[in-house]
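Residue-level structure breakdown
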Amino acid sequence: MSPKHVVFKKICKDKSVGVYMGRRDFVDRVDSVDPVDGVILIDHEALQGRRVFVTLSCTFRYGRDDMDVIGIAFRRELYLSTRQVYPPLQDREKGIHTRTQARLLRKLGDDAYPFFFEFPDNLPCSVALQPAPHDVGKQCAVEFEIKAFSAESQDAKIRKRSSVKLMIRKVQYGPEKEGAPPSVETTRDFVMSDKPLHVSARLDKETYYHGETVKVHVSVTNNSSKNIKNIIVSVDQVSTVVLYSNDSYVKSVAIEEPGDSVSPGASLQKVYTLLPLLANNRERRGIALDGKLKDEDTNLASSSIVKDGVLKEVMGIMVSYRIMVKLIVGGSVACVCVVCVEVSLEVPFKLMHPNPDAVKESEMEEEMDFQEFKRSYQKGIVDDEDEDGNVSGGDDIAPKET
């Protein structure tokens, strides 16, 4: 039996506008991005002659909305596009782009109208830095939002009761073409030692998927007179806020420290197994997450892949991963005064979602499963709908499309 088609819906408080969408995640394939499509259901009696608009926005947040330091706002609208849905500006049939829209229009009747947006190719993917349990307000994040509202005009003040917001995600999947398995090696010479220390580390592949274990093959040849006291292997997540300050946050999301040692003249070959998971880092501030819709479908942020020619400075938050192999090297056996030094290797890799086998629209059941579109927030996160209504049109710095 074909899978049932889940449809997410959300209705504003005065019942004038409702949004229906067949999905929440939209895939960035680097050279193209899935378009955003859905249907708006209106109530003529509740509208009272007002018009209906829908917007797609991308917002970068680097602090609370009420923060303003020396004229620098900590919230920036990277993109805003607005469509008038009612009264329709084109024939209703010409606004249908997908079979899901056509099915929804048949199901909802004559008071439903389709909408359609295409992402520009220079927008970042959804990502958020996890707040600490005691933090209040909104976290540092790149967020995408669909907002439908009824108003006298596009620039009129929006009443909160007459608007509805849906958070969506722009996500990336692992590349179809696998690169060469990464490997790094180094040789270290020491004072008072005739021969060097040689260390190498390699992975089985370049791209790992969320929930998959990472095997690190470490080889140590210690021809020096130094004693290796400990070996630490970790998965580091590097999050760089490129839009404002280029701050970088390095967090170890998985670590292995079995206490292995290598004496002078000896060697070691061992496979270390690490499992980077959000479940093991749930309470840690600053961990980068894929744009969050619900806690249960949130995971560590995927590696950022940027299209050639796109400036990284507009990507908001860039995320990358690396394996860190650290060797704690002590003094020689005959040395009385032991001073430890550290020898380290960095092996970069990608952590992403596998590209799923998409279910074709023609294979879906005609029956639709309607679900309320609600966000489950982590502790300290404020619901968007608790905010005051704002004026449509957004910040002046945002590129606009009408």
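Residues numbered from 1 in each chain as written. Predicted model: local features only at pLDDT ≥ 70, side-chain atom pairs only at ≥ 80, totals over all residues. Heavy atoms only, no water.

1. Concerning the overall build of the protein chain
If you tally the helices and strands in the protein chain, you get two helices and 24 strands. Across the protein chain, contacts joining residues at least 24 apart in sequence account for 71% of those joining residues at least 6 apart. For the protein chain, the exposed area adds up to about 19800 Å²; of that, 48% sits on carbon and sulfur atoms. (Helix = DSSP H or I, 4+ residues; strand = E, 2+ residues; numbered from the N terminus. Contact = heavy atoms within 4.5 Å. Areas by Shrake-Rupley, 256 points an atom, 1.4 Å probe, with all protein chains shown as cover.)

2. Focus on the pattern of salt bridges
Following the criterion strictly, the structure yields ten salt bridges and no others. Note that Arg 23 is salt-bridged to Asp 37, the shortest N-O span being 4.0 Å. With Arg 23 in the loop between strand E2 (17-21) and strand E3 (25-28) and Asp 37 in strand E4 (residues 36-42), the pair connects residues that are 14 residues apart, well separated along the chain. Judged by its relative accessible area of 8%, Asp 37 is buried. Connected through shared salt-bridge partners, Arg 23, Asp 34 and Asp 37 make up one network. (Salt bridge = Lys/Arg side-chain N within 4 Å of Asp/Glu carboxyl O. Buried < 20%, exposed > 50% of the residue type's maximum accessible area, 1.4 Å probe, protein only.)

3. A look at the sheet that holds strand E16 (residues 214-222)
Here we have four strands laid out as an open sheet, ordered E13-E14-E16-E19, and antiparallel in their pairing. Only two strands of the sheet have a single neighbouring strand rather than two, namely strand E13 (183-188) and strand E19 (267-274). Going from strand to strand, the sheet's axes swing by 15° on average, the running direction of each strand aside. One ladder, built from eight bridges, connects E16 with E19; its direction is antiparallel. Residue Val 216 lies in a different strand from E19, and its bridge partner there is Tyr 272. (Pairing = 2+ DSSP bridges. Axes fitted to C-alpha atoms, helices over the stretch in contact; angles between N-to-C directions.)

4. Some words on unusual backbone geometry
Geometrically, the link from Tyr 86 to Pro 87 is a cis peptide bond, its omega value of -5° lying close to zero. Considering the arrangement of structural elements, one finds Pro 87 in the loop between strand E8 (75-86) and helix H2 (99-108). Not every positive phi belongs to a glycine, and Lys 15 is a case in point at roughly 65°. Tracing the chain through its elements places Lys 15 in the loop between strand E1 (5-11) and E2. Using a relative accessible area of 54% as the deciding quantity, one classes Lys 15 as exposed. One non-glycine residue, Gln 48, adopts positive backbone phi at about 55°. Within the element layout of this structure, Gln 48 appears in the loop between helix H1 (44-47) and strand E5 (51-61).

5. Section: a positive patch on the surface
Together, Lys 13, Arg 159, Lys 160 and Arg 161 make up a positively charged patch on the protein surface. Position of Lys 160 relative to the elements: it lies in the loop between strand E11 (141-151) and strand E12 (163-172). A residue is classified by how much of its surface remains accessible, and Lys 160, at 35% relative accessible area, is partly exposed. (Patch = residues over 30% accessible without salt bridge, like charges linked within 9 Å, V, L, I, M, F, W, Y side chains within 5 Å. Lys, Arg positive; Asp, Glu negative; His and termini not counted. Charge placed at Lys NZ, Arg CZ, Asp CG, Glu CD.)

6. Some thoughts on the packing of aromatic side chains
Applying the stated rule across the entire model yields seven aromatic pairs. Here Phe 115 and Phe 117 contribute two aromatic rings whose centre-to-centre distance is 6.1 Å and whose plane-to-plane angle is 55°, an arrangement assigned as tilted. Centroid distance Tyr 321 to Phe 349: 6.1 Å. Interplanar angle 40°. Geometry classified as tilted. Note that Tyr 321 is positioned in strand E21 (residues 317-332) and Phe 349 in strand E22 (residues 341-352), a separation of 28 residues in sequence. (Phe/Tyr/Trp six-rings, centres within 6.5 Å; stacked < 30°, edge-to-face > 60°.)

7. Concerning the pairing of E1
Consecutive side chains along a regular strand alternate between the two faces of the sheet. Sheet analysis places E1 next to E2, joined by four bridges and oriented antiparallel. If you follow Ile 11 over to E2, its bridge partner there is Gly 18. Two successive antiparallel strands, E1 and E2, enclose a turn made up of five residues, where Lys 15 displays a positive phi of approximately 65°.

8. A word on the environment of Ser 304
Structurally, Ser 304 can be placed in the loop between strand E20 (288-290) and E21. The spatial distance from the C-alpha of Ser 304 to the C-alpha of Cys 125 is 7.8 Å, given a sequence separation of 179 residues. Apart from the residues lying within four places of it in its own chain, the contact partners of Ser 304 are Gln 172, Ile 317, Met 318 and Val 319.

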